[in-house]
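Each chain, written out:
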Amino acid sequence: MEVNCETTLTANMSCKYAIVTGANKGIGFEVVRQLASKGVTVILTARNEMRGIAAVSSLFESGLTNVVFHQLDVCDPASVECLVKFVKTQFGTLDILVNNAGVSGVVVNEEGLRALNIDPVSWLSGEATNIVQGVIQQTYRNAEVCLDTNYYGVKRVTEALLPFLRLSPSGARIVNVSSLRSELKRIPNEETRKELGRIESLTEAKIDGIVEWFLRDLKQGKLEANGWSIMLPAYSISKASLNAYTRVLAKTYPKMYINCVHPGYVNTDINWHTGTMLVKEGARGPVMLAFLPDGGPSGSYFDQTNLAEF
Ligand SMILES: NC(=O)c1ccc[n+]([C@@H]2O[C@H](COP(=O)([O-])OP(=O)(O)OC[C@H]3O[C@@H](n4cnc5c(N)ncnc54)[C@H](OP(=O)(O)O)[C@@H]3O)[C@@H](O)[C@H]2O)c1
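All of these numbers come straight from a predicted model, not from anything done at the bench. (Residues numbered from 1 in each chain as written. Predicted model: local features only at pLDDT ≥ 70, side-chain atom pairs only at ≥ 80, totals over all residues. Heavy atoms only, no water.)

*Asks:* Hey, could you run me through the nonpolar core in this one?
*Replies:* One broad trend across soluble globular proteins is that nonpolar side chains are buried collectively. Among the nonpolar cores identified, the biggest contains 66 residues, and Ile-136, Leu-161, Leu-165, Leu-196 and Phe-214 are the most heavily contacted of them. Elements that contribute at least two residues to this core include exactly strand E1 (17–20), helix H4 (77–90), helix H8 (140–150), helix H9 (152–165), helix H11 (204–219) and helix H12 (233–252). By residue number, the principal contributor to this core is H12, which donates ten residues. Ala-18, Phe-29, Val-42 and Leu-64 belong to the second largest nonpolar core, which has 33 residues in total. (Core = buried A, V, L, I, M, F, W, Y, C linked by side-chain atoms within 4.5 Å. Buried < 20%, exposed > 50% of the residue type's maximum accessible area, 1.4 Å probe, protein only. Helix = DSSP H or I, 4+ residues; strand = E, 2+ residues; numbered from the N terminus.)

*Asks:* Help me out: how do you make sense of the environment of Ala-290 in this one?
*Replies:* Relative to the assigned elements, Ala-290 resides in helix H14 (residues 284–290). Not counting residues up to four positions away in its chain, the partners in contact with Ala-290 are Leu-35, Ile-96, Arg-173 and Val-175. (Contact = heavy atoms within 4.5 Å.)

*Asks:* What is the right way to look at the pattern of salt bridges in this model?
*Replies:* Any two side chains of opposite charge can pair if their charged atoms end up close together. Overall, the coordinates contain twelve salt bridges when judged by the stated rule. Where Glu-144 meets Arg-141, a salt bridge forms, and the shortest distance between an N and an O atom there is 3.2 Å. Highlighted residues: Glu-144 and Arg-141, both in helix H8, separated by three residues, approximately one helical turn. Of the charged contacts, one joins Arg-198 and Glu-195 as a salt bridge, the two residues approaching to 3.6 Å between their closest N and O atoms. On the accessibility criterion, Glu-195 (24% relative accessible area) is partly exposed. Residues joined in a network through salt bridges with shared partners are Lys-155, Glu-204 and Asp-208. (Salt bridge = Lys/Arg side-chain N within 4 Å of Asp/Glu carboxyl O.)

*Asks:* Sorry, what's going on with H4 here?
*Replies:* Think of an α-helix as 3.6 residues a turn; residues three or four steps apart then line up on the same face. For H4, with 14 residues, the first-to-last C-alpha span of 20 Å sits near the 20 Å given by 1.5 Å per residue. Lining the buried residues of H4 we find E1, strand E2 (41–46), strand E3 (67–71) and H9. Between a side-chain oxygen at the N-terminus of H4 and the backbone nitrogen of Ala-78 the separation is 3.0 Å; the capping residue is Asp-76. (Expected span 1.5 Å × (residues − 1). Polar contact = N/O pair within 3.5 Å; in protein donor to acceptor, adjacent residues only side chain to side chain.)

*Asks:* I keep staring at the packing of helix H2 (residues 26–37) against helix H3 (residues 49–61) and nothing clicks. Help me out?
*Replies:* The angle between the axes and the distance between the axes are what describe a pair of packed helices. Across the interface, H2 lies against H3 with an axial gap of 11 Å and an inter-helix angle of 35°. As H2 runs across H3, the sense of the crossing is right-handed. Of H3, the residues touching H2 (which contributes Phe-29, Val-32 and Arg-33) are Ala-55, Ser-58 and Leu-59. Across the contact of H2 with H3, the residue classes break down as four nonpolar, one polar and one charged. (Axes fitted to C-alpha atoms, helices over the stretch in contact; angles between N-to-C directions. Left-handed = near helix turned anticlockwise from the far one by under 90°. Nonpolar A, V, L, I, M, F, W, Y, C, P; charged D, E, K, R; others polar.)

Right, here's the structure in full:
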């Protein structure tokens with residue numbers, strides 16, 4: 001589908017280019033819809049070409065002609081490289097990057113989970129942690145995929161696109177879709193909590209080290225003993241690391257607006273449709289951060305549209 005920026009602009013919106021990862025469904029798809037509705041030219045990316053093209057087609061049929069598809073598997077460096085070439089030849093610049101792609105990193109007995117009929121309050125507060133252990137299994141392989149997608153995947157994509165983001169005239173907006181599972185108060189181990197929260201001394205190498213330490217402990221069956229979160233263990237540390245990375249990046253690039261956001265408890269595939277909010281509501285936080293006005297916050301964490309504690 002051809003991109004024609006000129007004809008898709010709304011009256012007060014200058015021509016902006018955005019990329020959304022994992023956008024064939026769920027919150028990512030809705031973020032694309034909302035950005036495109038405001039006149040942004042959006043590259044909807046998905047790892048599966050057929051699912052991505054179907055998503056773009058459905059937006060096209062609803063009248064949004066300013067959305068193009070490009071394949072992107074955030075775990076595959078060759079796929080990232082291919083997207084970079086596309087951006088370079090088609091646009092040469094990038095204003096908004098929404099790192100949305102994510103996986104839960106666990107094996108779930110969905111029928112068993114439904115039968116437990118856990119109420120949203122217990123699910124979100126962590127009270128349900130012990131109850132779900134029988135139906136949610138954290139395998140080592142799934143943990144590796146989870147970290148490679150939710151943490152290293154964001155780094156891989158962001159680093160590759162930074163040369164284009166740096167060209168955005170009024171400072172690019174990078175939105176990292178996190179989760180309330182990332183919040184430091186949910187990590188029992190005090191040392192990890194402090195390391196990830198100490199922005200003055202945080203570095204990418206330190207964050208990577210914590211991720212590696214987690215994987216070692218998982219392999220050796222030491223998660224509980226060493227104070228890692230037992231509710232969705234890999235997912236929780238992937239998002240806590242993502243938040244820490246967001247802060248490091250924001251410090252490195254003070255002219256950009258780089259934030260992370262918990263979208264809310266949204267009814268999508270990632271939580272086996274236990275979520276209570278509509279995707280339309282879940283997209284509000286990420287879209288707000290994609291459109292932050294000049295002089296807005298950077299290196300911050302938002303719970304939906306509200307500034308929150310890491
Ligand atoms: N729903 C919630 O309540 C909730 C709460 C907190 C945070 N979040 C976060 O919100 C984001 C979006 O999740 P969602 O709720 O919309 O779930 P979803 O409907 O399951 O969407 C996840 C998206 O990520 C894509 N994806 C997974 N691995 C990928 C990879 N390697 N490369 C590219 N794309 C990949 C999926 O593609 P496929 O279709 O090919 O699998 C899908 O498009 C995630 O980061 C999630 O952690 C969601």
